[in-house]
Amino acid sequence: MIKVCKFGGTSMSDGINFLRVKNILGVDPARRYVVVSAPGKRFSGDSKVTDLLYETYEEVKEGGHVGKSFAKVAERFRGIVREAGVSIDIEALLFETAQAIEEDGSVDFAASRGEFLAGRIMAAFLDIPFIDARDVVKFNEGGRLDPRTYELCRERLHGMRRAVVAGFYGEDAEGHVKTFSRGGSDITGAIVARAVGADLYENWTDVSGFLACDPNIVTSPAGIPRLSYKELRELSYMGANVLHSEAIFPVREAGIPIHIKNTFRPEDEGTVILPDKNFIPLPRPVTGIAGKKNFTVLYLEKSLMNTEVGFTYRVLEVLQRHYISFEHIPSGIDTMSFVIDTDQLPDLEVVEREISEAVEPDRIGVIPGIALIAVVGHGMSRNVGISARLFTAIARTGVNVRMIDQGSSELNIIVGVENVHYERTVRAVYEEFFGEN
Ligand code: ASP
């Protein structure tokens with residue numbers, strides 16, 4: 001039995017938490033490979049080491065040397081070494097790291113040092129080997145994960161009973177350090193799990209798994225004991241941010257389950273994420289509700305649009321030219337809408353004009369400030385009347401639905417409402433499917 005354990009920023013934030021990690025690993029000999037994040041916040045208002053390193057990069061860019069921000073990073077690591085009683089020459093390590101940041105000069109290199117240092121210290125603390133992710137996680141020219149990564153990682157860990165791997169970064173085709181997007185240590189954990197053929201990928205964080213809804217909107221929402229990969233993908237893409245939304249891909253193909261656990265409450269059940277095949281859905285129609293604000297809907301109307309071959313193609317060509325990806329395209333016979341993340345539309349007027357020229361619609365319009373709410377669950381596809389309940393609940397709360405889209409797998413229903421109605425709608429939907437009665 002092999003388990004790969006990834007510990008997030010809060011679990012790595014101070015020396016006491018390093019001790020917690022050691023205890024968690026100590027109770028189960030199958031927990032052999034450890035992937036670490038950089039130390040995160042110790043309390044609200046504290047800084048994440050990764051953020052301090054982005055600031056360090058700015059300092060070096062401006063003055064050529066590390067400055068106040070790196071001093072804070074150094075203090076964090078000194079504190080960890082002192083509190084946990086790690087035997088490592090931390091001053092030498094910090095000195096070399098500062099020099100390397102100045103020499104390399106790239107933002108990704110600076111940002112990656114949080115995981116590097118955390119990994120070095122954790123490995124010394126556990127007295128097991130440290131693996132620099134640079135040696136095993138490779139990106140290809142397009143910036144995508146190079147499939148050689150799995151082989152390299154497997155070879156490197158072969159014969160090592162235990163090891164610590166730094167999360168969040170790897171090396172690009174030119175040999176420079178490159179990071180994943182923020183929160184990317186989750187992806188490293190999944191890569192390692194797949195490479196070593198783990199039986200389980202444990203992702204240790206500061207919450208007891210996924211909740212059926214954002215706890216900032218609904219007080220103490222129900223937990224989600226199990227999720228399928230598909231449900232997870234829908235929920236995390238739509239803002240349930242317990243796990244990086246790309247972390248499932250490496251483990252999904254290999255069919256390795258992910259277990260989300262709480263470092264601070266290891267006795268809690270957490271959430272198990274299982275392969276879609278043979279997944280036994282929860283005995284409730286809706287598994288969870290997630291959502292995001294700030295989308296823009298571009299809608300087009302044209303008589304006989306349905307008979308016009310290539311209409312959508314021409315609109316998409318304009319979007320492609322501006323590197324705009326869309327979220328949904330709900331359509332009617334003579335209407336079509338494109339739901340796009342507002343951040344992607346700084347040149348909205350230009351895009352609108354080019355679309356008009358490309359397809360000559362009777363009408364083109366823009367609805368700004370739309371929030372999307374995803375209601376997700378395998379249980380929905382087997383149950384009659386779920387959408388009736390959903391829309392009745394929304395209507396009862398007095399909110400007008402601006403857009404509806406249902407994924408072809410019947411796994412999700414996406415509802416668009418105005419930003420200002422977002423929280424109210426989520427509460428109404430939660431109440432309908434999870435409230436007492
Ligand atoms: N330390 C990185 C971040 O703060 C990556 C991670 O924690 O997964 O985004």
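One can find the structure itself at the top, above this paragraph.
Conventions adopted
- Residues numbered from 1 in each chain as written.
- Predicted model: local features only at pLDDT ≥ 70, side-chain atom pairs only at ≥ 80, totals over all residues.
- Heavy atoms only, no water.
- Disulfide = S-S within 2.5 Å.
- Buried < 20%, exposed > 50% of the residue type's maximum accessible area, 1.4 Å probe, protein only.
- Helix = DSSP H or I, 4+ residues; strand = E, 2+ residues; numbered from the N terminus.
- Pairing = 2+ DSSP bridges.
- Axes fitted to C-alpha atoms, helices over the stretch in contact; angles between N-to-C directions.
- Contact = heavy atoms within 4.5 Å.
- Near = heavy atom within 4 Å.
- Polar contact = N/O pair within 3.5 Å; in protein donor to acceptor, adjacent residues only side chain to side chain.
- Areas by Shrake-Rupley, 256 points an atom, 1.4 Å probe, with all protein chains shown as cover.
- 1 Å grid on protein atoms, 1.4 Å probe; cavity = no way out; pocket = protein on both sides within 12 Å on 5 of 7 lines; lining within 4 Å.
- Sits in = over half its atoms within 2 Å of the grid points.
- Nonpolar A, V, L, I, M, F, W, Y, C, P; charged D, E, K, R; others polar.
- Points joined across faces, edges and corners; volume = space filled by probe spheres on them.
- Parallel < 35°, antiparallel > 145°, perpendicular 65-115°, else oblique.
- Left-handed = near helix turned anticlockwise from the far one by under 90°.
- Expected span 1.5 Å × (residues − 1).
- Bend = angle between axes of the 7 residues up to and from the residue.
- Phe/Tyr/Trp six-rings, centres within 6.5 Å; stacked < 30°, edge-to-face > 60°.
- Salt bridge = Lys/Arg side-chain N within 4 Å of Asp/Glu carboxyl O.

Topic: the state of the cysteines
In protein structure, a disulfide is the covalent linkage between the sulfur atoms of two cysteines. Tallied over the full model, the rule gives 0 disulfides. The closest cysteine sulfur to the non-disulfide-bonded cysteine 5 is located on cysteine 153, 15 Å from its own sulfur. Of the residues examined, cysteine 5 reaches a relative accessible area of 0% and is grouped as buried.

Some remarks on the environment of glutamate 62
Structurally, glutamate 62 is set in helix α2 (residues 49-63). Overall, glutamate 62 belongs to the exposed group, its relative accessible area being 72%.

Overview of the sheet that holds strand β12 (residues 335-341)
The strand order β12-β11-β13-β15-β14 describes an open sheet built from 5 strands, whose pairing is antiparallel. In the strand order of this sheet, the two ends are held by β12 and β14 (403-406), each with one partner. Each adjacent strand pair in this sheet contributes to an overall mean axis angle of 35 degrees, direction not counted. Note: strand β13 (residues 363-376) against strand β15 (residues 412-418), 7 bridges, orientation antiparallel.

Examining the sheet that holds strand β3 (residues 130-131)
Pairing in this open sheet of 8 strands is mixed, and the strands run β3-β4-β2-β1-β7-β9-β10-β8 from one edge to the other. The two strands at the open ends of the sheet, each matched to only one other strand, are β3 and β8 (226-228). Direction of pairing for strand β2 (residues 31-36) relative to strand β4 (residues 163-166): parallel, over a ladder of 4 bridges. Looking at β4, one finds that valine 36 is bridged to alanine 166. Packed onto the sheet, helix α5 (residues 107-126) meets β2, β3 and β4 and runs at close to 170 degrees relative to β4. Of the strands in this sheet, β8, β9 (258-262) and β10 (271-274) touch helix α9 (residues 229-237), which is tilted by about 90 degrees from β8.

Observations regarding unusual backbone geometry
Positive phi values are uncommon outside glycine, yet phenylalanine 168 reaches one of about 80 degrees. Here phenylalanine 168 is to be found in the loop between β4 and β5 (169-171). Positive phi is not limited to glycine here, since leucine 304 has a value of about 60 degrees. For leucine 304, a relative accessible area of 56% translates into the label exposed.

Observations concerning the site of the ligand
Around the ligand, a shell composed of Ser37, Ala38, Thr50, Glu115, Phe168, Arg182, Gly183, Gly184 and Ser185 is seen. Between the ligand and the protein, one listed contact pairs a nitrogen atom with a side-chain N or O atom of threonine 50 at 2.7 Å. Within the side chain of arginine 182, one N or O atom sits 2.7 Å away from an oxygen atom of the ligand. For the ligand, whose accessible area on its own is 260 Å², the fraction buried by protein is 90%. Most atoms of the ligand, that is more than half of them, are within 2 Å of grid points of the largest pocket. Here the residues of the shell around the ligand are counted per class, giving 2 nonpolar, 5 polar and 2 charged.

Thoughts on the layout of surface pockets
Of the volumes computed, that of the largest pocket is approximately 1200 Å³. Taken together, 46 residues make up the lining of the largest pocket; nearest its centre are Thr205, Asp206, Asn241, Val242 and Leu243. Looking at the lining of the largest pocket, the elements that each hand over two or more residues are α8 (185-195), β7 (200-205), α9, β11 (288-301) and α14 (422-434). As for the second largest pocket, its lining consists of 15 residues, and the residues nearest its centre are Arg144, Leu145, Phe180, Ile187 and Glu246.

Thoughts on the packing of helix α7 (residues 148-157) against α8
Across the interface, α7 lies against α8 with an axial gap of 8 Å and an inter-helix angle of 70 degrees. As judged from the angle between their axes, α7 and α8 are roughly perpendicular. Considering the relative orientation of α7 and α8, their crossing is right-handed. Contact residues: α7 offers Thr149, Tyr150, Cys153, Arg154 and Leu157, while α8 offers Ile191, Val192, Arg194 and Ala195.

So, α5
A rise of 1.5 Å per residue sets the reference length of α5, with its 20 residues, at 28 Å; its end C-alpha atoms lie 30 Å apart and thus fit the reference within 8%. The sharpest bend along α5 comes to roughly 35 degrees, located at arginine 113. The element α5 is largely enclosed, with a buried count of 16 among its 20 residues. Looking at the residues trailing α5, positive phi occurs at aspartate 127, about 60 degrees.

Observations concerning the packing of aromatic side chains
By the definition in use, this model includes 6 aromatic pairs. On the numbers, 6.2 Å between centres and 50 degrees between planes, the contact of phenylalanine 18 with phenylalanine 125 is tilted. One end of the pair, phenylalanine 18, is in helix α1 (residues 15-26); the other, phenylalanine 125, is in helix α5, and 107 residues separate them in sequence. Like phenylalanine 18, the residue phenylalanine 125 is buried in the burial classification.

Some thoughts on the pattern of salt bridges
Side-chain pairs of opposite charge can arise whenever the charged atoms involved come near each other. Counted according to the given criterion, the structure contains 26 salt bridges. The residue arginine 31 makes a salt bridge to glutamate 202 at a minimum N-O spacing of 2.8 Å. Residue arginine 31 is located in strand β2, and its partner glutamate 202 is located in strand β7; the two are separated by 171 residues in the primary sequence. Relative accessible area serves as the criterion here: at 9%, arginine 31 is assigned to the buried category. Arginine 314 is paired through a salt bridge with glutamate 308; the nearest N and O atoms lie 2.9 Å apart.

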